[in-house]
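Examining the three-dimensional arrangement
What follows is the residue order along each chain.
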Amino acid sequence: MNTEFFFAHPSAVIDDSCTIGTKTKIWHFSHIMSGCIIGKNCNLGQNVMVASGVVLGNNVKVQNNVSIYEGVSCEDDVFLGPCVVFTNVVNPRSAISRKSEYKKTLVKRGATIGANATIVCGNTIGEYAFIGAGAVVTKDIPDYALVMGNPARQTGWMSEYGHKLQFDGNGHAVCPESGKQYLLKGNKVSILK
C-alpha cells in the first residue's frame, strides 16, 4: 500500500491489503481493515471503521463515528452523516456465529443518509435517495425518494442537488438549484433529458 497518494492522520490504523484511492483523506482514530476498497477523493471523518470486504466508490463522504460493516457497498458520491449505523445480520446473538449469514446492503450513487439513521441489512438505498436524520430503514428505498421516521416512510422526492421536488398535475418538477427537470410516473422519478 503506497500512502503517498492519500492522507491518513497518524492516529488512524490502516491494515495491510486494503485499496485506498488517490486524494482520499482518513482522519483521527479511524480503522481501515484489510480487504476493503476505498475509492478516490473520499473523506472519512474521525472514528470511522471500514470492515473487510466493504467497497466505497469515489467521492464518498463519511462523517464522524460511522462503522461500515462487511456486506456494505456504497457507490460514487454517497454521503453518510454522523453516527450512521449499518447492520449485517438480521438476528444477531453473541453466542451464535452468523458470519456466513451476512446480508448485503447497497447504497447507490448520490444517496444521502442523515445523522443517526440506521440501515437494516439486506436493503438497497436508491440513487439520490435522501434518508432523514434518525430514520430506520427496513426495506428498499426507491431512487430519489425522501424517507423519514421509524420505520422509515416515504414523504416525498428529492432532486440530485438535495431539494424536495414539487410535482405539478402532469408529474413534472424542476430542481430550484440546478434547473434539471424531473418526471414522476408510476411512482418512479426520472430526469428529463
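For the structure itself, consult the block above.
The structure displayed is predicted, hence computed values, not measured ones.

Take the overall build of the protein next. Tallying secondary structure elements over the protein gives zero helices and 25 strands in all. Its C-alpha radius of gyration of 18 Å places the protein within 12% of the 16 Å reference for a compact globule of 193 residues. If you line up the protein on its principal axes, its C-alpha atoms span 55 × 40 × 20 Å. Sorting the 193 residues of the protein into buried and exposed places 38% on the buried side. Excluding contacts between residues fewer than 6 apart, the proportion of contacts in the protein whose partners are at least 24 apart in sequence is 14%. Total accessible area on the protein stands at roughly 10000 Å², and carbon and sulfur atoms take up 50% of it.

It is worth spelling out the sheet that holds strand β24 (residues 181-185) at this point. One open sheet holds the three strands; their spatial order is β23-β24-β25, and the pairing between them is antiparallel. At either margin of the open sheet sits one strand with a lone partner, and together these are β23 (172-174) and β25 (188-191). Ignoring which end each strand starts from, the neighbouring axes of this sheet average 30° apart.

What follows is about the pairing of β24. In summary, the side chains of a regular strand alternate between the two faces of the sheet. Bridge analysis of β23 against β24 gives three bridges, and the strand direction is antiparallel. Within β24, the residue paired with histidine 172 across the bridge is leucine 183. Here β23 hands over to β24 after six residues, with glycine 179 in that stretch at a positive phi of 80°. In this structure, β24 lies alongside β25, joined through four bridges in antiparallel fashion. Note on β25: the bridge partner recorded for leucine 184 is valine 189. Connecting the antiparallel pair β24 and β25 is a turn made up of two residues, with glycine 186 showing a positive phi of about 60°.

A full pass over the atoms with the stated rule returns zero disulfides. Of the cysteine sulfurs around cysteine 18, a residue in no disulfide, the closest is that of cysteine 36, at 4.8 Å.

Okay, the packing of aromatic side chains next. Inspection of the entire model under this criterion finds three aromatic pairs. Relative to tyrosine 144, the ring of tyrosine 128 has its centre 5.7 Å away and its plane inclined at 15°; by these criteria the two rings are stacked. You can see tyrosine 128 sitting in the loop between β18 (124-125) and β19 (130-131) and its partner tyrosine 144 sitting in the loop between β20 (136-137) and β21 (145-148), a full 16 residues away along the chain. Accessibility assignment for this pair places tyrosine 128 and tyrosine 144 in one class, buried.

The next subject is the nonpolar core. Counting 48 residues, the largest nonpolar core has Val50 and Ile68 as the members making the most contacts within it. Counting residues per element, the ones that place at least two in this core are β8 (49-50), β12 (72-74) and β21. Beyond its immediate chain neighbours, meaning those up to four positions away, isoleucine 68 contacts Met49, Val50, Ala51, Val54, Leu56, Val62, Leu80 and Phe86.

Our next topic: the sheet that holds strand β7 (residues 43-44). The sheet built from nine strands is open, its strands ordered β1-β4-β7-β10-β13-β16-β19-β21-β22 with mixed pairing. The open sheet has two free edges, formed respectively by β1 (7-8) and β22 (153-157), since each of these has just one partner strand. In this sheet, β22 lies alongside β21 in antiparallel orientation, the contact comprising four bridges. Following the sheet pairing, methionine 148 is matched in β22 by arginine 153.

By the definition in use, this model includes four salt bridges. Between arginine 109 and aspartate 77 there is a salt bridge, with its nearest N and O atoms 3.3 Å apart. With a gap of 32 residues between them, arginine 109 in the loop between β15 (105-107) and β16 (112-113) and aspartate 77 in the loop between β12 and β13 (79-80) connect regions that are remote in the sequence. We classify arginine 109 as partly exposed; its relative accessible area is 34%. Using a relative accessible area of 29% as the deciding quantity, one classes aspartate 77 as partly exposed. Put simply, arginine 98 and glutamate 101 hold a salt bridge, and the shortest N to O gap is 3.5 Å. Judged by relative accessible area, arginine 98 falls into the buried class, the value being 15%.

About the criteria used
- Residues numbered from 1 in each chain as written.
- Predicted model: local features only at pLDDT ≥ 70, side-chain atom pairs only at ≥ 80, totals over all residues.
- Heavy atoms only, no water.
- Helix = DSSP H or I, 4+ residues; strand = E, 2+ residues; numbered from the N terminus.
- Rg over C-alpha atoms; globule rule 2.2 N^0.38 Å.
- Buried < 20%, exposed > 50% of the residue type's maximum accessible area, 1.4 Å probe, protein only.
- Contact = heavy atoms within 4.5 Å.
- Areas by Shrake-Rupley, 256 points an atom, 1.4 Å probe, with all protein chains shown as cover.
- Pairing = 2+ DSSP bridges.
- Axes fitted to C-alpha atoms, helices over the stretch in contact; angles between N-to-C directions.
- Disulfide = S-S within 2.5 Å.
- Phe/Tyr/Trp six-rings, centres within 6.5 Å; stacked < 30°, edge-to-face > 60°.
- Core = buried A, V, L, I, M, F, W, Y, C linked by side-chain atoms within 4.5 Å.
- Salt bridge = Lys/Arg side-chain N within 4 Å of Asp/Glu carboxyl O.

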